[in-house]
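The lines below spell out each chain.
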Amino acid sequence: MTAMKWAVTTLDNETAGEIELNEAVFGQPLRKDILARVVEWQLARRRNGTAFTKSQSQVSGSGKKIYRQKGTGRARHGARRANIFRGGGVAHGPKPRDHSFSLPKKVRRLGLKVALSAKASEGKLIVLDQAVADSPKTKALQQRLKGLGVSGALVVGGDELDENFSLAARNMKDVDILPQSGANVHDILRHDQLVLTTDAVQALEARLT
């Protein structure tokens, strides 16, 4: 197992030593095909699948023939509930369904490794000693993150998140925070930067190796 050294910093942008990142997790080559598969799988699972339209048999109204078959000079029609009439049923409309599909666990794990590695290779990975705030004030946290050069970032903490940090971060439109168990490919890719605590690094390496 090889490792690469990465600088650890504090929220006040002070040096807090170094950490060794497992290359099996943070040194994967870029695989856009794997990322695309995992993101598609995630978004499919998030779809509600509750779209519903009524067919001709389900709309309200009489089924009586609207006028006689012949002799009117008009097209032949049956009930007013036909799909070609306003207020009629919908032909082949959507019905509730499950959009999710299965994806092998090894592909999902590889996708997360590739996403983490992509941020590291782009120099957009920041490792914090801890994500702890003194108060739940958004402005105070925003200033500390600005001094750290963090904007448009996903912050991943350990198993338990600091309550003050979470409360302060939730009002920041360009910063999201997740526990390490919630780290996922889609959220990592849609943020410009990735901020991991040392606890998150250790937990992710244990989870992915």
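Residues numbered from 1 in each chain as written. Predicted model: local features only at pLDDT ≥ 70, side-chain atom pairs only at ≥ 80, totals over all residues. Heavy atoms only, no water.

Student: Explain the overall build of the chain to me, please; I cannot follow it from the model alone.
Tutor: Looking only at helices and strands, the chain has seven helices and six strands in total. In the chain, the order of α-helices and β-strands from amino to carboxyl end is β-β-α-α-α-β-α-β-α-β-α-β-α. Taking 209 residues into account, the globule formula puts the C-alpha radius of gyration at 17 Å, and the chain, at 27 Å, lies well above it. Across its three principal axes, the chain shows a C-alpha extent of roughly 90 × 40 × 25 Å. When each of the 209 residues of the chain is scored for burial, the buried share is 41%. In the chain, 69% of the contacts between residues at least 6 apart in sequence involve partners at least 24 apart. For the chain, the exposed surface amounts to about 12500 Å²; the carbon and sulfur share of it is 47%. Here the chain carries 34 positive and 21 negative side-chain charges, and the mean point of each set is 26 Å from the other. (Helix = DSSP H or I, 4+ residues; strand = E, 2+ residues; numbered from the N terminus. Rg over C-alpha atoms; globule rule 2.2 N^0.38 Å. Buried < 20%, exposed > 50% of the residue type's maximum accessible area, 1.4 Å probe, protein only. Contact = heavy atoms within 4.5 Å. Areas by Shrake-Rupley, 256 points an atom, 1.4 Å probe, with all protein chains shown as cover. Lys, Arg positive; Asp, Glu negative; His and termini not counted. Charge placed at Lys NZ, Arg CZ, Asp CG, Glu CD.)

Student: So what exactly am I meant to see when it comes to the layout of surface pockets here?
Tutor: A probe matching the size of a water molecule, rolled over the atoms, marks out where space remains unfilled. Approximately 250 Å³ is the volume attributed to the largest pocket. Around the largest pocket, the lining comprises 14 residues; the ones closest to its centre are Arg108, Arg109, Leu112, Ala183 and Arg207. Where the lining of the largest pocket is concerned, the elements lending two or more residues are helix 2 (32–46), helix 3 (105–121) and helix 7 (198–208). It is helix 3 that contributes the most residues to the lining of the largest pocket, four residues altogether. Tallied by class, residues from the lining of the largest pocket come to six nonpolar, four polar and four charged. (1 Å grid on protein atoms, 1.4 Å probe; cavity = no way out; pocket = protein on both sides within 12 Å on 5 of 7 lines; lining within 4 Å. Points joined across faces, edges and corners; volume = space filled by probe spheres on them. Nonpolar A, V, L, I, M, F, W, Y, C, P; charged D, E, K, R; others polar.)

Student: Looking at this structure, how should I read the environment of His191?
Tutor: One can find His191 in the loop between helix 6 (185–190) and strand 6 (193–197). Residue His191 is classed as buried on the basis of its relative accessible area of 6%. Separated by 37 residues in the primary sequence, His191 and Leu154 have C-alpha atoms spaced 6.0 Å apart. If we skip the residues at most four places from it in the chain, His191 touches Lys119, Gly152, Ala153, Leu154, Asp174 and Asp176. Side-chain polar atoms of His191 contact the backbone oxygen of Asp187, separated by 2.7 Å. (Polar contact = N/O pair within 3.5 Å; in protein donor to acceptor, adjacent residues only side chain to side chain.)

Student: Honestly, the pattern of salt bridges in this entry has me stumped. Any pointers?
Tutor: Counted under the stated rule, the structure contains six salt bridges. Residues Asp33 and Arg31 are paired through a salt bridge, measuring 2.8 Å at the closest nitrogen-oxygen approach. A relative accessible area of 34% means that Arg31 is categorised as partly exposed. Linking Arg190 and Asp187 is a salt bridge whose minimum nitrogen-to-oxygen distance equals 2.7 Å. (Salt bridge = Lys/Arg side-chain N within 4 Å of Asp/Glu carboxyl O.)

Student: Can you walk me through the domain arrangement of the chain in this structure?
Tutor: Many authors give the size of an interface as the accessible area that is lost as the parts come together. Here the chain is described as being made up of domain 1 (3–48 + 100–208) and domain 2 (53–93). Each of domain 1 and domain 2 has a C-alpha centre, and the two are 56 Å apart. (Domains from an automatic or database assignment.)

Student: Explanation requested: the packing of helix 3 against helix 7 in the structure shown.
Tutor: A pair of packed helices is captured by two measures, namely the crossing angle of their axes and the spacing between those axes. Between helix 3 and helix 7, whose axes approach to 11 Å, the crossing angle comes to 145°. Both helix 3 and helix 7 take part in a crossing whose hand is left-handed. Of helix 7, the residues touching helix 3 (which contributes Arg109, Leu112, Lys113 and Leu116) are Leu204, Arg207 and Leu208. Class assignment for the residues of the contact of helix 3 with helix 7 results in four nonpolar, no polar and three charged. (Axes fitted to C-alpha atoms, helices over the stretch in contact; angles between N-to-C directions. Left-handed = near helix turned anticlockwise from the far one by under 90°.)

Student: Whenever I open this one, the pairing of strand 2 (residues 15–22) confuses me. Can you help?
Tutor: Successive side chains on a regular strand alternate, one facing one side of the sheet and the next facing the other. Bridge count between strand 1 (residues 3–9) and strand 2: six bridges; the pairing is antiparallel. Note on strand 2: the bridge partner recorded for Thr9 is Thr15. Taking the residues between adjacent antiparallel strands as the criterion, strand 1 and strand 2 are bridged by five residues, where Asn13 takes a positive phi near 60°. (Pairing = 2+ DSSP bridges.)

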